[in-house]
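As a plain string of letters, each chain reads:
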Amino acid sequence: KGGALYPQAVSEAIKQYRADLGIALDGDGDRLVLVDEKGHIMNGDHILGVCALHFKKNNALKENTIVVTQMSNFGLEQKMKENGIRVVKTHVGDKYVVEAMRQGGFNLGGEQSGHIIFLDHVTTGDGCIAALKVLQILRETGVKLSDLNRLIVDFPQVLFNVRVRNRKPLEEIPGYVEFLDQVNQQLGDTGRVFVRYSGTEPVVRILVEGPDKNLITDLASKIADFLQRELS
């Protein structure tokens, strides 16, 4: 297997041929994952962040804003804030990203999965355009892809899936809002919690991010136990 969903094959080829970078697209070419010269995978968050920083430096980032989804890593958001770039979040799905970009007059957005939208050129994710943009940045800066890849530092991330029978609105579950408030207080400003029902499976997805892997694993487990009692 290969492509954007399974870039490990590209990573192995990079090491074998001592290539400068690898480009992995999915079947219909709308998603991109890159592999740097060290064989490290560069996902959509990193590609988006690198493009945003380069655009801002060249006064090409409209409204100094990017659009991401709720699944993007907290490390991307933090890096953008450090550089004066506003982050607008949408529901998961590139169509929601494009909609927010059009409404706000923004020209750059994307998903962790590799959908990167350059609204000045195309109206949907295009892996080839995204790859060319990164190649342009490499040419203009003269750095290696691993240097760009290191610009975004991912926070540890834990994702739990809990099977449910009753898709009751989460905010209607007794004690849920208060319980989540307690979790957020423990995380403070250095992490986040995102809980949503899957659109395709009978599960609720629990995403917790923060600098302490043990803490976020414990918090995600407690949220999962709480929801399992209420929804199973």
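Scope of this entry: the structure provided in the associated data block. Here the structure is a predicted model, which is why all the values come from computation and not from measurement.

Reading the values: the criteria
- Residues numbered from 1 in each chain as written.
- Predicted model: local features only at pLDDT ≥ 70, side-chain atom pairs only at ≥ 80, totals over all residues.
- Heavy atoms only, no water.
- Helix = DSSP H or I, 4+ residues; strand = E, 2+ residues; numbered from the N terminus.
- Polar contact = N/O pair within 3.5 Å; in protein donor to acceptor, adjacent residues only side chain to side chain.
- Contact = heavy atoms within 4.5 Å.
- Salt bridge = Lys/Arg side-chain N within 4 Å of Asp/Glu carboxyl O.
- Buried < 20%, exposed > 50% of the residue type's maximum accessible area, 1.4 Å probe, protein only.

Tracing the backbone shows asparagine 73 in the loop between β4 (65-69) and α3 (74-82). A polar contact is formed between the side chain of asparagine 73 and the backbone nitrogen of phenylalanine 155, at a distance of 2.8 Å. Excluding anything up to four places from it in sequence, asparagine 73 contacts Asp45, Gln112, Val153, Asp154, Phe155, Gln157 and Glu209.

In this section: the side chain of arginine 192. The topology assignment puts arginine 192 in strand β9 (residues 192-197). Of the polar contacts made by the side chain of arginine 192, one reaches the backbone oxygen of serine 72; its length is 2.6 Å. There is a polar contact of 2.8 Å between the side chain of arginine 192 and the side chain of glutamate 209. Excluding its chain neighbours within four sequence positions, the residues that come into contact with arginine 192 are Gln70, Met71, Ser72, Phe74, Lys89, Leu187, Leu207, Val208 and Glu209.

The next thing to look at is the pattern of salt bridges. As enumerated under the stated definition, the model contains 9 salt bridges in all. Ionic pairing is found between lysine 15 and glutamate 12, a salt bridge with its closest N-O pair at 3.9 Å. On the criterion of helical spacing, the pair formed by lysine 15 and glutamate 12 is a turn pair, its members being 3 residues apart in helix α1 (residues 8-17). When its relative accessible area of 48% is taken as the criterion, lysine 15 is described as partly exposed. The class for glutamate 12 is partly exposed, based on a relative accessible area of 47%. Notably, a salt bridge pairs arginine 192 with glutamate 209, separated by 2.8 Å at the nearest N-O pair. Taken together, the positions of arginine 192 in strand β9 and glutamate 209 in strand β10 (residues 203-209) put the pair 17 residues apart, joining distant regions of the chain. Taken as a pair, arginine 192 and glutamate 209 share a single burial class, namely buried. Each of the salt bridges in this network shares a partner with another, and the network as a whole consists of Glu77, Lys81 and Lys89.

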